[in-house]
Amino acid sequence: MLNKASTTTAGPAFGAGYFQTMLNWQLIVGNSLLAAQREQWEMLAAWQRSVGALQRDVADRWICRFGGGVPLDG
């Protein structure tokens, strides 16, 4: 006599697809947040470069006006 319980295949455990879906969602959200933060850092770096150029220009003008000459790097 064949045992019917031993011949049937067990299906996937309850919630197995849920955990994979949750992990995929976390991966997508995490990558989106990292991309947004990377964009923010790039904007901050561009802003700092422009402020640095402005500061160098102001310093050069001050040296030409009050320092009595031309800036050393100019």
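Before reading on, note that the structure itself is shown above.
The present account deals with the structure reproduced in this document.

Within the protein, the secondary structure is distributed over two helices and zero strands. When the accessible area of the protein is evaluated, it comes to approximately 7100 Å², of which 65% is carbon and sulfur surface.

Judged by side-chain polarity, W41, L44, W47 and V51 come together as a nonpolar surface patch covering roughly 440 Å² of accessible area. A residue is classified by how much of its surface remains accessible, and L44, at 34% relative accessible area, is partly exposed.

With the rule as written, the count across this model stands at two aromatic pairs. Aromatic pair W62 and F66: ring centres 5.8 Å apart, planes at 45°, arrangement tilted. Taken together, the residues span about one helical turn, with W62 and F66 both in helix α2 (residues 16–66) at a distance of four residues. With relative accessibility at 52%, the residue W62 sits in the exposed group. The class of F66 is exposed, set by a relative accessible area of 57%.

What follows deals with the pattern of salt bridges. Two side chains bearing opposite charge may form a pair once their charged atoms approach each other closely. Evaluation of the coordinates by the stated rule reveals one salt bridge. A salt bridge links D57 to R61, with the shortest nitrogen-to-oxygen separation between them at 3.0 Å. You can see D57 and its partner R61 sitting in helix α2, four residues apart, about one turn around the helix.

Calculation rules
Residues numbered from 1 in each chain as written. Predicted model: local features only at pLDDT ≥ 70, side-chain atom pairs only at ≥ 80, totals over all residues. Heavy atoms only, no water. Helix = DSSP H or I, 4+ residues; strand = E, 2+ residues; numbered from the N terminus. Areas by Shrake-Rupley, 256 points an atom, 1.4 Å probe, with all protein chains shown as cover. Patch = residues over 30% accessible without salt bridge, like charges linked within 9 Å, V, L, I, M, F, W, Y side chains within 5 Å. Salt bridge = Lys/Arg side-chain N within 4 Å of Asp/Glu carboxyl O. Buried < 20%, exposed > 50% of the residue type's maximum accessible area, 1.4 Å probe, protein only. Phe/Tyr/Trp six-rings, centres within 6.5 Å; stacked < 30°, edge-to-face > 60°.

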